[in-house]
Amino acid sequence: MELRLGETPVEDVTYKPPDSVVVDRIQRTFPSDELRERARATGLIQRERKFDFVALFYTLSLGFAAGSDRSIQAFLERFLEMADCDDLTYTSFHDWFSPQLVALLREILDDAIENLDPGRNDLRGRLDRFRDVLIVDATFISLYHDAADIYTGLGEDQAGAKLHLTESLASGFPTRFQTSSGATHERSQLSPGEWVADALILLDLGFYDFWLFDRIDANDGWFISRVKSNANPDIVAELRTWRGNSISLEGKSLKAVIDDLQRQEIDVLVELEFDRKRGSSATATRQFRLVGLLNEENDEYHLYFTNLPQDTYSAPDIAQLYRARWEIELLFKELKSRFRLDEINTTDPYIIEALIIMAAISLMISRVIIDELHELEASRRNEAGDADDSG
């Protein structure tokens, strides 16, 4: 069996484990007995005499990991080989992709996201004071135009789904995975709660929402967000003073002063106004920090909102922390290139949903295997070192 892993680099791993090691690690992550019990609880096994959910699960997940053909016909052929079955028709196999199967796959994915522990924490340096660094973003998945009735795209003649992800920088694993129609706005899919406590949340402009900033702060979380180009908050205080005849910013709006500034950094307290509740006419105000670094190439500032304290994190620190957001772009690239998530050749909504979920499960399997490779390589090196010492 050949497994092509995702694009997450396996640094310094030169040992190629036997297939039995890889298969054993996957089975320990998704035990066959547990998969079978979950399928039995849904009633799928009783209704479908030839339904072997364990074989189907590994057919779909390893089919994604191998980067091979994702058509239903190709999955059927791999299933027949894995299940040692030769009399299952295409129509019967197609009909297995039902709301019940999608719900079962969703349950397995949610359970893996909640309970899969990679046993490591990759936060280092200025990041290790946070419980986690969570990167929030969404990506558009193009679909056939005939799927537009359910998966509305961004334009009238476009169909697509949107994948909403939160990635843990500590573990490299997703902690939230949701799908919606392509026209769904990102910020409507994010509800801050206890899960943000003591974590740093990195937000793209799709989540630019002062109410969201307030909710993260109210739940004892930290955030960094880019600032929209049309933002014009009132400056209530300067958090860093400059020598000489520098322009005073206090009491002025951002737009009124930014074009005249020549300083390398901006570090001020601004007041933001927002709806107290979504859709409410009542407003509230909060003060948050706005920092900026001058880009000398275009003479423009890179601006960020944050609630991180100025005495601990300088403006350059904020910009450096925000660069970690690039990790989720690499994850989306991996899903669309290695797992070819942008190549879903069907208009059946249940097949679409099942394949998106299986792409996420396959991604997690690849992460698990990579962790196993690291552990095997470390063990092999330790054994080699012990042998050298004893010699």
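Just above sits the structure.
What comes next is a walk through the structure.

Quick look at unusual backbone geometry
Part 1 of the argument: For Asp198, which is not glycine, the phi dihedral falls at a positive 60°.
Part 2 of the argument: Examined against the element boundaries, Asp198 turns out to sit in the loop between β3 (174–181) and β4 (199–203).
Part 3 of the argument: One non-glycine residue, Asp220, lies in the positive phi region at around 65°.
Part 4 of the argument: Exposure remark for Asp220: the relative accessible area of 57% places this residue in the exposed category.

Section: the nonpolar core
Part 1 of the argument: Core analysis: the largest hydrophobic core is formed by 85 residues, its most contacted members being Phe53, Phe57, Phe93 and Leu335.
Part 2 of the argument: Ranked by residue count, the leading element in this core is helix α12 (residues 349–390), at 16 residues.
Part 3 of the argument: If we skip the residues at most four places from it in the chain, Phe57 touches Phe30, Leu35, Leu105, Ile108, Met358 and Ile361.
Part 4 of the argument: In this structure, Leu134, Leu190, Leu303 and Phe305 belong to the second largest nonpolar core, which totals 34 residues.

Things to note about the pairing of strand β8 (residues 283–295)
Part 1 of the argument: Summarising the sheet, strand β7 (residues 265–275) and β8 pair through 11 bridges and their orientation is antiparallel. Of the residues in β8, the one forming a bridge with Val268 is Leu290.
Part 2 of the argument: Looking at chain direction, β8 and strand β9 (residues 300–306) are connected through 7 bridges and run antiparallel. Bridge pairing in β9 links Val291 to Tyr304.
Part 3 of the argument: The loop that links β8 with its antiparallel partner β9 comprises 4 residues; one of these, Asp299, has a positive phi angle of about 60°.

Calculation criteria
- Residue positions are given per chain, counted from 1 along the sequence in the order it is written.
- In keeping with the predicted nature of the model, local features appear solely for residues at pLDDT of at least 70, side-chain atom pairs appear and are counted solely at 80 or more, and the whole-chain, interface and lining totals rest on all residues.
- Heavy atoms from the whole structure form the basis of all side-chain values; hydrogens and water molecules are not counted.
- The way it works is that DSSP assigns letters per residue, a run of H or I at least four long becomes a helix, a run of E at least two long becomes a strand, and they are numbered from the N terminus.
- The buried label applies to any residue whose accessible area, calculated with a 1.4 Å probe on protein chains only, is under 20% of its type's maximum; exposed applies above 50%, and partly exposed to all values in between.
- In this text, buried Ala, Val, Leu, Ile, Met, Phe, Trp, Tyr and Cys residues form a nonpolar core when linked through side-chain atoms within 4.5 Å.
- It only takes one pair of heavy atoms within 4.5 Å for two residues to be counted as in contact.
- If DSSP finds at least two bridges between two strands, the strands pair.

Read these as geometric descriptors, not functional statements.
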